[in-house]
Amino acid sequence: GIRTKADLTAAPIAGKQHQLEHELKKAQVSHKLKLRPGQEELVQHHVLPAEHAELAPALLAPTLSLEKNLRRDTLKRSLSQRSERGELMNKGIIKENSAPAQQQAANNLKRSRFAIALKGAVHLEKLGCIGPESKGHLKDLIFAEDNRIMAAVEVFELDHDVNEMLDTLLR
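Bear in mind that the values here come from a model prediction, so they are computed numbers and not experimental data.

Visitor: I keep staring at the overall build of the protein and nothing clicks. Help me out?
Guide: Scanning the protein from N- to C-terminus turns up 8 helices and 0 strands. By principal-axis analysis of the C-alpha atoms, the protein measures approximately 100 × 45 × 25 Å. Of all intrachain contacts in the protein linking residues separated by at least 6 positions in sequence, the fraction that spans at least 24 positions is 45%. Accessible surface computed for the protein: about 13,600 Å², of which carbon and sulfur atoms make up 57%. Positive and negative side-chain charges in the protein, numbering 26 and 23 respectively, have mean positions lying 3 Å apart.

Visitor: Where do I start with the pattern of salt bridges in this structure?
Guide: Opposite charge on two side chains permits them to pair, given that their charged atoms come into close proximity. Using the criterion set out here, one finds 11 salt bridges in the structure. In this structure, Arg113 engages Glu154 in a salt bridge whose closest nitrogen and oxygen atoms are separated by 3.4 Å. Here Glu154 lies in helix α7 (residues 147-159) and Arg113 lies in helix α5 (residues 99-126), a separation of 41 residues in the sequence. Here Arg113 falls in the buried class, since its relative accessible area comes to 17%. Two residues, Asp146 and Arg148, come together in a salt bridge whose shortest N-O distance is 3.0 Å. Owing to a relative accessible area of 15%, Asp146 belongs among the buried residues under this scheme. We classify Arg148 as exposed; its relative accessible area is 56%. Salt bridges here are not isolated pairs; linked through shared partners, they connect Lys68, Arg72, Asp159, Asp161 and Glu164.

Visitor: Just checking my understanding: could you explain the side chain of Lys68 for this structure?
Guide: Relative to the elements of secondary structure, Lys68 occurs in helix α3 (residues 57-80). By relative accessible area, which is 19% here, Lys68 ends up buried. A distance of 3.1 Å separates a polar atom in the side chain of Lys68 from a polar atom in the side chain of Asp161. When near neighbours in sequence (up to four residues on either side) are disregarded, Lys68 contacts Asp159, Asp161 and Glu164.

Visitor: Would you explain the packing of α3 against α7 in this entry?
Guide: Packed helices, taken two at a time, are described by the angle between their axes plus the distance between the axes. Where α3 contacts α7, the axes come no closer than 10 Å and their chain directions differ by 115°. Our pair here, α3 against α7, has a crossing hand that is right-handed. The residues of α7 that touch α3, namely those facing Lys68, Arg72 and Leu75, are Val155, Leu158 and Asp159. Residue composition of the contact of α3 with α7, by class: 3 nonpolar, no polar and 3 charged.

Visitor: Hey, could you run me through α7 in this one?
Guide: The periodicity of an α-helix, 3.6 residues per turn, causes residues three or four places apart in sequence to face the same way. For α7, built from 13 residues, the straight-helix expectation of 18 Å at 1.5 Å per residue is met to within 8% by its first-to-last C-alpha distance of 18 Å. Where α7 ends, the next residue or the one after it, His160, has phi of about 55°, a positive value.

Visitor: Where do I start with the nonpolar core in this structure?
Guide: One finds Leu124, Leu138, Ile142, Ile149, Met165 and Leu169 to be the most contacted residues of the largest nonpolar core, which totals 16 residues. Sorting the residues of this core by element identifies α5, α6 (132-143), α7 and α8 (162-170) as the ones contributing at least two each. Aside from chain neighbours lying at most four places away, what touches Leu169 is Ala117, Gly120, Ala121, Leu124, Leu138 and Ile149.

Visitor: What am I meant to see in unusual backbone geometry here?
Guide: Note: most peptide bonds trans; most residues except glycine with negative phi. With a phi close to 60°, His46 is a non-glycine residue in the positive phi region. Residue placement: His46 occurs in the loop between α2 (39-44) and α3. The phi torsion at His160 lies on the positive side, around 55°, for a residue other than glycine.

What counts and how
- Residues numbered from 1 in each chain as written.
- Predicted model: local features only at pLDDT ≥ 70, side-chain atom pairs only at ≥ 80, totals over all residues.
- Heavy atoms only, no water.
- Helix = DSSP H or I, 4+ residues; strand = E, 2+ residues; numbered from the N terminus.
- Contact = heavy atoms within 4.5 Å.
- Areas by Shrake-Rupley, 256 points an atom, 1.4 Å probe, with all protein chains shown as cover.
- Lys, Arg positive; Asp, Glu negative; His and termini not counted.
- Charge placed at Lys NZ, Arg CZ, Asp CG, Glu CD.
- Salt bridge = Lys/Arg side-chain N within 4 Å of Asp/Glu carboxyl O.
- Buried < 20%, exposed > 50% of the residue type's maximum accessible area, 1.4 Å probe, protein only.
- Polar contact = N/O pair within 3.5 Å; in protein donor to acceptor, adjacent residues only side chain to side chain.
- Axes fitted to C-alpha atoms, helices over the stretch in contact; angles between N-to-C directions.
- Left-handed = near helix turned anticlockwise from the far one by under 90°.
- Nonpolar A, V, L, I, M, F, W, Y, C, P; charged D, E, K, R; others polar.
- Expected span 1.5 Å × (residues − 1).
- Core = buried A, V, L, I, M, F, W, Y, C linked by side-chain atoms within 4.5 Å.

Encoded structure:
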């Protein structure tokens, strides 16, 4: 084919336009990097934990996750090693008549856990993750004290990770 004068000038113009767009984006990114807050400001605004301020950014999430898991494991180990009620009564640490108070505390704990799980179910519905029928089924499981749901709520009470609890409720 025959090339016109317009064809010969269009290619260099398009190339120059692409180069200028690239330089503009590069300048914009450079400007935004200069404006981003420093490490001290992030610590002051509680975006970056002070105890991990010197840690490389790539190591922060795995470190926080490891610490959370260590706290959870320590708590589980401590709870598994605690004395039974009968042993505490024999040692005189608790009295036999403390059962009504313990029953009230257990009822309060159960009510609190139901409330947490039910709020989670409502939240999942509001997010559009589940429909009314699934929410009803989840509610039935909550009041039946399903082991998986109660475990999710107990873990939430330990680490306050809403997303983890909602993910477990979805399953």
